Amino acid sequence: MIRNIDVEGLPKAGPYSHAVIANGLVFVSGQLGTIPGKDLPFEEQFRNAVNKISKILAEAGSSLDNVVKVTVYLADAKYFDAMNKLFSEYFRGRPARTTVVTGMIDSRALVEVDVIAVVKG
(Lines give C-alpha, C1' and ligand atoms only; values in the text may rest on other atoms or scores of the structure.)
Protein backbone atom coordinates (compact mmCIF):
# COMPACT_ATOMS: atom_id res chain seq x y z
CA MET A 1 0.00 0.00 0.00
CA ILE A 2 1.21 3.49 -0.88
CA ARG A 3 0.05 6.56 1.03
CA ASN A 4 0.77 10.19 0.11
CA ILE A 5 1.51 12.72 2.84
CA ASP A 6 1.06 16.47 2.56
CA VAL A 7 1.43 18.91 5.44
CA GLU A 8 -0.88 21.88 5.43
CA GLY A 9 1.02 25.16 5.40
CA LEU A 10 4.24 23.75 3.93
CA PRO A 11 4.99 24.97 0.41
CA LYS A 12 5.41 22.76 -2.66
CA ALA A 13 6.76 23.73 -6.06
CA GLY A 14 4.73 21.32 -8.15
CA PRO A 15 2.43 18.31 -8.42
CA TYR A 16 4.09 15.97 -5.93
CA SER A 17 3.65 14.89 -2.32
CA HIS A 18 5.71 16.08 0.63
CA ALA A 19 6.26 12.39 1.32
CA VAL A 20 5.14 8.93 0.32
CA ILE A 21 4.84 5.96 2.65
CA ALA A 22 5.50 2.55 1.10
CA ASN A 23 6.43 -0.77 2.71
CA GLY A 24 7.07 0.79 6.12
CA LEU A 25 9.34 3.54 4.81
CA VAL A 26 8.73 7.27 4.45
CA PHE A 27 10.30 8.91 1.39
CA VAL A 28 10.41 12.67 1.99
CA SER A 29 10.72 15.02 -0.97
CA GLY A 30 13.58 17.50 -1.01
CA GLN A 31 13.04 20.49 1.24
CA LEU A 32 14.62 23.90 0.81
CA GLY A 33 15.30 26.15 3.75
CA THR A 34 14.50 29.39 1.96
CA ILE A 35 11.82 31.85 3.01
CA PRO A 36 10.25 33.93 0.20
CA GLY A 37 11.66 37.45 0.05
CA LYS A 38 14.54 36.78 2.48
CA ASP A 39 18.20 36.02 1.92
CA LEU A 40 19.13 33.64 4.73
CA PRO A 41 22.57 32.32 5.70
CA PHE A 42 23.42 28.66 5.12
CA GLU A 43 22.97 27.61 8.75
CA GLU A 44 19.46 29.04 8.94
CA GLN A 45 18.49 27.46 5.63
CA PHE A 46 19.73 24.05 6.78
CA ARG A 47 17.78 24.33 10.03
CA ASN A 48 14.62 25.43 8.17
CA ALA A 49 14.88 22.52 5.73
CA VAL A 50 15.33 19.94 8.49
CA ASN A 51 12.51 21.48 10.56
CA LYS A 52 10.19 21.07 7.55
CA ILE A 53 11.33 17.46 7.22
CA SER A 54 10.62 16.92 10.91
CA LYS A 55 7.03 18.16 10.45
CA ILE A 56 6.53 15.92 7.42
CA LEU A 57 7.90 12.90 9.27
CA ALA A 58 5.62 13.58 12.23
CA GLU A 59 2.61 13.68 9.90
CA ALA A 60 3.76 10.35 8.47
CA GLY A 61 4.16 8.73 11.89
CA SER A 62 7.95 8.94 12.04
CA SER A 63 10.69 11.28 13.25
CA LEU A 64 14.27 12.36 12.65
CA ASP A 65 15.34 9.53 14.98
CA ASN A 66 13.99 7.03 12.43
CA VAL A 67 15.89 8.43 9.42
CA VAL A 68 18.01 5.82 7.64
CA LYS A 69 19.19 7.79 4.57
CA VAL A 70 19.80 11.49 3.92
CA THR A 71 20.73 13.27 0.72
CA VAL A 72 22.07 16.81 1.08
CA TYR A 73 22.36 19.07 -1.96
CA LEU A 74 24.75 22.00 -1.47
CA ALA A 75 24.92 25.06 -3.71
CA ASP A 76 28.66 25.32 -2.98
CA ALA A 77 31.27 22.98 -1.47
CA LYS A 78 32.27 25.75 0.96
CA TYR A 79 29.20 24.82 3.05
CA PHE A 80 30.37 21.23 3.64
CA ASP A 81 31.97 21.80 7.07
CA ALA A 82 29.01 23.83 8.36
CA MET A 83 26.65 21.15 7.03
CA ASN A 84 28.56 18.41 8.87
CA LYS A 85 28.29 20.29 12.16
CA LEU A 86 24.55 20.89 11.77
CA PHE A 87 23.96 17.38 10.46
CA SER A 88 25.34 15.86 13.66
CA GLU A 89 22.96 18.02 15.73
CA TYR A 90 19.85 16.77 13.92
CA PHE A 91 20.74 13.22 12.84
CA ARG A 92 22.18 11.63 15.96
CA GLY A 93 21.51 8.09 14.77
CA ARG A 94 24.16 8.58 12.07
CA PRO A 95 22.08 7.58 9.02
CA ALA A 96 23.64 6.86 5.65
CA ARG A 97 24.25 10.07 3.70
CA THR A 98 25.05 11.33 0.24
CA THR A 99 26.22 14.92 -0.27
CA VAL A 100 26.06 16.50 -3.72
CA VAL A 101 27.28 19.93 -4.84
CA THR A 102 24.86 21.14 -7.47
CA GLY A 103 22.98 24.10 -8.90
CA MET A 104 19.65 25.01 -7.33
CA ILE A 105 16.36 25.91 -8.99
CA ASP A 106 15.98 28.87 -6.61
CA SER A 107 19.10 31.05 -6.86
CA ARG A 108 18.75 31.99 -3.16
CA ALA A 109 18.73 28.34 -2.06
CA LEU A 110 21.99 27.17 -0.52
CA VAL A 111 20.84 23.70 0.56
CA GLU A 112 18.14 21.11 -0.08
CA VAL A 113 17.65 17.98 2.01
CA ASP A 114 15.65 14.80 1.44
CA VAL A 115 15.38 11.73 3.66
CA ILE A 116 14.13 8.17 3.90
CA ALA A 117 12.87 7.06 7.31
CA VAL A 118 11.23 4.06 8.94
CA VAL A 119 7.62 4.47 10.05
CA LYS A 120 7.28 3.99 13.79
CA GLY A 121 5.26 1.03 14.79
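Fair warning: this is a prediction, and the values are worked out from it, not measured in the lab.

Colleague: What's the story with the overall build of the protein in this structure? I'm lost.
Modeller: For the protein, the helix and strand inventory stands at two helices and six strands. Relative to a compact globule of 121 residues, whose C-alpha radius of gyration would be 14 Å, the protein shows 14 Å and is just as compact. Principal-axis analysis of the C-alpha atoms places the extent of the protein at approximately 40 × 30 × 20 Å. Long-range contacts, defined here as pairs at least 24 residues apart, represent 70% of the contacts in the protein between residues at least 6 apart. Here the protein displays about 6,800 Å² of accessible surface, and carbon together with sulfur accounts for 52% of that area. Treating the 14 positive side-chain charges of the protein as one cloud and the 13 negative ones as another, the clouds have centres 4 Å apart.

Colleague: What exactly am I supposed to notice about helix α1 (residues 42-59) here?
Modeller: An α-helical turn contains 3.6 residues, so any two residues separated by three or four positions project in the same direction. Here α1 contains 18 residues, and its C-alpha end-to-end distance of 26 Å stays within 8% of the 26 Å for a straight helix at 1.5 Å per residue. In this structure, the buried residues of α1 make contact with β1 (2-5), β2 (19-22), β3 (25-32), β4 (67-74), α2 (80-90) and β6 (111-118).

Colleague: Where do I start with the sheet that holds strand β5 (residues 96-101) in this structure?
Modeller: Hydrogen bonds between backbone groups are what pair the strands of a sheet, and the pairing can be parallel or antiparallel. Strands sit in the order β1-β2-β3-β6-β4-β5 across an open sheet of six strands; the sheet is mixed. Each edge of the open sheet is held by one strand with a lone partner, namely β1 and β5. With direction set aside, neighbouring strand axes in the sheet form an average angle of 15 degrees. Contacting β4 and β5, α2 crosses the sheet at an angle of about 155 degrees to β5.

Colleague: Sorry if this is basic, but what is going on with the packing of aromatic side chains here?
Modeller: Two aromatic rings are characterised by how far apart their centres lie and by the angle between their planes. On inspection of all chains with the given rule, the structure shows four aromatic pairs. On the basis of an interplanar angle of 35 degrees and a centroid distance of 6.2 Å, the ring pair of Phe42 and Phe46 is categorised as tilted. Separated by four residues within a single helix, Phe42 and Phe46 lie in helix α1, roughly one turn from each other. Summarising the aromatic geometry, the rings of Phe87 and Phe91 are spaced 4.7 Å apart at their centres and angled 35 degrees between planes, so their arrangement reads as tilted. Both residues of the pair, Phe87 and Phe91, count as buried. One aromatic cluster is present, built from ring pairs that chain together Phe42, Phe46, Tyr79 and Tyr90. Taking the ring centre of Tyr16 as reference, the NZ or CZ of Lys12 above it sits at 5.9 Å.

Definitions and cut-offs
- Residues numbered from 1 in each chain as written.
- Predicted model: local features only at pLDDT ≥ 70, side-chain atom pairs only at ≥ 80, totals over all residues.
- Heavy atoms only, no water.
- Helix = DSSP H or I, 4+ residues; strand = E, 2+ residues; numbered from the N terminus.
- Rg over C-alpha atoms; globule rule 2.2 N^0.38 Å.
- Contact = heavy atoms within 4.5 Å.
- Areas by Shrake-Rupley, 256 points an atom, 1.4 Å probe, with all protein chains shown as cover.
- Lys, Arg positive; Asp, Glu negative; His and termini not counted.
- Charge placed at Lys NZ, Arg CZ, Asp CG, Glu CD.
- Expected span 1.5 Å × (residues − 1).
- Pairing = 2+ DSSP bridges.
- Axes fitted to C-alpha atoms, helices over the stretch in contact; angles between N-to-C directions.
- Phe/Tyr/Trp six-rings, centres within 6.5 Å; stacked < 30°, edge-to-face > 60°.
- Buried < 20%, exposed > 50% of the residue type's maximum accessible area, 1.4 Å probe, protein only.
- Lys NZ or Arg CZ within 6 Å of the ring centre and 35° of its normal.

Everything listed here is a matter of geometry and, on its own, says nothing about what the molecule does.
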